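Chain by chain, the residues:
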Amino acid sequence: MSGKAILLMKSATLFTRAKKSLVGGVNSPVRAFKAVGGDPIFFRRGKGAFVEDVDGNRYLDFCLSWGPLILGHARAEILRAAGAALKNGSTFGAPCEGEVILAEAVRRAMPSLERVRFTSSGTEAVMGALRVARAFTRRSRVIKFAGCYHGHSDGLLVQAGSGATTLGQPDSAGVPPKWAADTLVLPYNDAAALAHAFKQFDDIACVIVEPIVGNMGVVLPEPAFLEALKTVPRKHGALLIFDEVITGFRVGLGGAQALFNIKPDLTTLGKIIGGGFPVGAFGGRRDVMEMLAPVGPAYQAGTLSGNPVAMAAGAAMLRLLRTEKPYAALAARTAMIAKELTTEAARAGSPLQVNHATGMFTVFFTGAPVRDYTTAKTADTKKYASFFRSLLTAGVYFPPAQFEAAMLSTLHSDALLESFLKTARRALV
Ligand SMILES: *Cc1c(COP(=O)(O)O)cnc(C)c1O
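Residues numbered from 1 in each chain as written. Predicted model: local features only at pLDDT ≥ 70, side-chain atom pairs only at ≥ 80, totals over all residues. Heavy atoms only, no water.

### Observations concerning the overall build of the protein
The criterion, for reference: A run of H or I in DSSP counts as a helix once it spans at least four residues, and a run of E counts as a strand once it spans at least two, with each numbered from the N terminus. Throughout, the radius of gyration refers to the C-alpha atoms, and the reference size of a globule is 2.2 Å times the residue count to the power 0.38. Each residue's exposure class comes from its accessible area (1.4 Å probe, protein chains only) as a fraction of the maximum for that residue type: buried when under 20%, exposed when over 50%, partly exposed otherwise. The contact rule is simple, with two residues in contact once any of their heavy atoms fall within 4.5 Å. Note on areas: Shrake-Rupley, 1.4 Å probe, and residue coverage restricted to the protein chains presented here. We count Lys and Arg on the positive side and Asp and Glu on the negative side, and we leave His and both chain ends out. Here the site of a charge means atom NZ of a Lys, CZ of an Arg, CG of an Asp or CD of a Glu.
From N to C terminus, the protein includes 14 helices and 15 strands. A globule of 429 residues ought to have a C-alpha radius of gyration of about 22 Å, and the protein, at 21 Å, matches this closely. Seen through its C-alpha atoms, the protein measures out along the principal axes to roughly 60 × 55 × 45 Å. Scored against the burial criterion, the 429 residues of the protein give a buried share of 53%. Long-range contacts, defined as pairs at least 24 residues apart, comprise 72% of the intrachain contacts of the protein with a sequence gap of at least 6. Put simply, the protein shows about 18,400 Å² of open surface, and 56% of that area lies on carbon and sulfur atoms. Seen as two clouds, the 48 positive and the 33 negative side-chain charges of the protein have centres 3 Å apart.

### Re the pairing of strand β13 (residues 360–364)
On a regular strand, one side chain projects to one face of the sheet and the next to the other, so that they alternate. Short version of the rule: Think of it this way: DSSP has to see at least two bridges between two strands before they count as a pair.
Of all five residues in β13, five are buried; the element is thus mostly enclosed. Residue alternation in β13 divides its side chains into two sets, M360, T362 and F364 and F361 and V363, and both sets are buried. Alignment of strand β12 (residues 353–357) against β13, held across five bridges, turns out to be antiparallel. Directly across from A357, in β13, lies its bridge partner M360. Adjacent in sequence and paired antiparallel, β12 and β13 are bridged by two residues, among which G359 carries a positive phi angle near 75 degrees. Where β13 meets strand β15 (residues 406–407), two bridges bridge the pair, whose relative direction is antiparallel. The residue bridging M360 from the neighbouring strand is M407, located in β15.

### What about the domain arrangement of the protein?
Often, the extent of an interface is quoted as the loss of accessible area upon association of its parts. Here is the rule: Domain ranges listed in this record stem from an automatic or a database domain assignment. Two parts lose some accessible area (1.4 Å probe) when they are put together, and adding that loss for both gives the buried area. Every case where a carboxyl oxygen of Asp or Glu lies within 4 Å of a side-chain nitrogen of Lys or Arg is listed as a salt bridge. We call two N or O atoms a polar contact when they sit within 3.5 Å, provided that within protein one can donate a hydrogen and the other can accept it, with sequence-adjacent residues counted only if both atoms are side-chain atoms. We call Asp, Glu, Lys and Arg charged. Ala, Val, Leu, Ile, Met, Phe, Trp, Tyr, Cys and Pro are nonpolar, and the rest, Gly among them, are polar.
The domain architecture assigned to the protein consists of domain 1 (9–70 + 326–428) and domain 2 (76–323). Taken together, the contacts link 27 residues of domain 1 with 27 residues of domain 2. Roughly 2,200 Å² is buried in total at the junction of domain 1 and domain 2, and carbon and sulfur atoms are behind 61% of that figure. If you sort the residues of domain 1 by the area they bury against domain 2, Y327, R371 and Y373 come out on top, with a joint share of 30%. R371 is the partner of E222 in a salt bridge, and the nearest nitrogen-oxygen pair spans 2.7 Å. In this structure, the connection of domain 1 to domain 2 is made through ten residue pairs in polar contact (both at pLDDT 80 or more). Among the secondary structure elements, those contributing two or more residues to the side of domain 1 that touches domain 2 are α11 (327–348), β12, β13 and α12 (373–376). When residues in the side of domain 1 that touches domain 2 are grouped by element, the largest group, four residues, is from β13. Class assignment of the residues belonging to the side of domain 1 that touches domain 2 gives a composition of 18 nonpolar, six polar and three charged.

### Notes on helix α1 (residues 9–18)
Which entries qualify depends on this criterion: This arc corresponds to the set of directions leading from the helix axis out to the C-beta atoms.
For α1, every residue scored as buried is listed here: S11, F15 and A18. Viewed end-on, α1 has its buried residues packed into an arc of 60 degrees, placing them on one side of the element. Turned more than 90 degrees off the buried face of α1, the exposed positions are M9, T13 and R17.

### So, the nonpolar core
Counted only if it meets this: Working definition of a nonpolar core: buried Ala, Val, Leu, Ile, Met, Phe, Trp, Tyr and Cys residues. They are joined through side-chain atoms within 4.5 Å.
One finds F62, F249, L321, F387, F398 and F420 to be the most contacted residues of the largest nonpolar core, which totals 70 residues. Among the elements that take part in this core, helix α10 (residues 308–324) stands out by supplying eleven residues, more than any other. Mapped onto the domain boundaries, this core takes at least three residues apiece from domain 1 (9–70 + 326–428) and domain 2 (76–323). Here F62 is in contact with F361, V396, Y397, F398, P399, A405, A406, M407, L408, H412, L417 and F420, once residues within four sequence places are set aside.

### Here's the deal with the confidence of the model for the protein
Counted only if it meets this: The predictor rates its confidence in each residue with pLDDT, a number between 0 and 100.
Per-residue pLDDT for the protein averages 95, and the proportion of residues at 70 or more is 97%. Taken as a whole, residues 160–165 scores under 50 in pLDDT and shows 13 contacts with residues more than four places along the chain or in a different chain.

### A few points about the site of the ligand
Quick note on the threshold: Neighbouring residues are identified by heavy atoms, a residue being near a molecule or strand if any of them is within 4 Å of it.
The full set of residues close to the ligand is S121, G122, T123, Y149, H150, G151, E210, N215, D243, V245, I246 and K271. Measuring from an oxygen atom of the ligand, one finds a side-chain N or O atom of N215 at 3.0 Å. Here the ligand has 380 Å² of accessible area as a free molecule, and 83% of this is covered by the chains. Looking at the shell around the ligand residue by residue, the classes come out as three nonpolar, six polar and three charged.

### Details of the sheet that holds β13
So the rule is basically this: The axes are straight lines fitted to the C-alpha atoms, using for helices just the contacting stretch, and the angles between their N-to-C directions are given from 0 to 180°.
Taken in spatial order, the three strands line up as β12-β13-β15 in an open sheet, and their pairing is antiparallel. Edge positions in the sheet fall to β12 and β15, since each of these pairs with one other strand and no more. Along the sheet, α11 makes contact with β12 and β13, crossing β12 at roughly 175 degrees.

### Some thoughts on the side chain of R75
Position of R75 among the secondary structure elements: in the loop between β3 (58–61) and α2 (76–87). Of the residues examined, R75 reaches a relative accessible area of 16% and is grouped as buried. A distance of 2.5 Å separates a polar atom in the side chain of R75 from a polar atom in the side chain of E324. Discounting chain neighbours no more than four positions away, the residues touching R75 are L320 and E324.

Laid out in structure tokens, this is it:
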């Protein structure tokens, strides 16, 4: 982590070339660095807590592919497991033992998933969960919370307007308003709004929520909100879906549901579950999940679902997490970072909120406590961009946008974090 200006020649050349064949030069918008300025960096290698770009610069990585790499880049056991599976062929489009092994590991970690189905992404997992919830309840309306991200399917690309209840207004061009009209958006951490919505509408199929939010930056659920999630939907015959695509196997092996002792009807998973390969999953109550074909009438499928290479990688990941028990150390280190950055900001007199859960945190440049989307948006995104760029120049790769979670791996050692904090203190002032 030196303070020298970095050369990004090869990245710049690749980006110029990329823009001629890929839309905007990237395959996922946040990668384009629009929120922090400058051009994206092309990576060629990752090892442990570090990534290396095509120009040979090394960075301590706090993005970690947005969450999957809780054990760091290129963990030998995971690569070996994937490699061994690959030798037997990359896909069958038919059942394989790896699917059964990973499903058993998921069920053991999260007993609320009585039945599981694998997909190839978190987005697909959420789509499947909503479909079974609607099929089971025979209702159509879905409640989501402003600032929560549940993948890019049409009906969920809806955030908040003002007021307690905003009827779905699509957030993206290309989503006909009527496709999002069944999505009701409520403010996060607002128990009263949830109760009110159920008084107003009697056709609510399910409530989907990030039990700890990662996608407006880290935002923690307050006790009254958790209590409402646990009781209100059930009272009205609606299902509770925990979107644990980030929190699953990150805040603990049992995810946020174990942490809060809440048993959702359905859970969606992604990111860590694939060990760095494209895997998502949804699961939950047996009676609800058995609405799915081939048992029930709700259709859902995937050519590469349950892919043997990805299943082997995911199973190796869960095995390692079970035996290494990394969560206490991960929680202590995340709390330490939050405390140090908050102290430094107070000393410098600059307003800063550091929200954190185990292995994930967000540095919000605002004086107001961040507890929902409205307060998150008070953050000064220009200050975040300049923080990001100072870190980058010093060899630290942070998520290239304010409203994201920075991630820790088990290889972000105390020594590495000390050196990160030195850099970050300088970047804050
Ligand atoms: C990343 C994410 C998704 C979407 O997963 P993809 O694999 O990117 O499709 C859904 N929900 C949450 C909470 C996520 O963080």
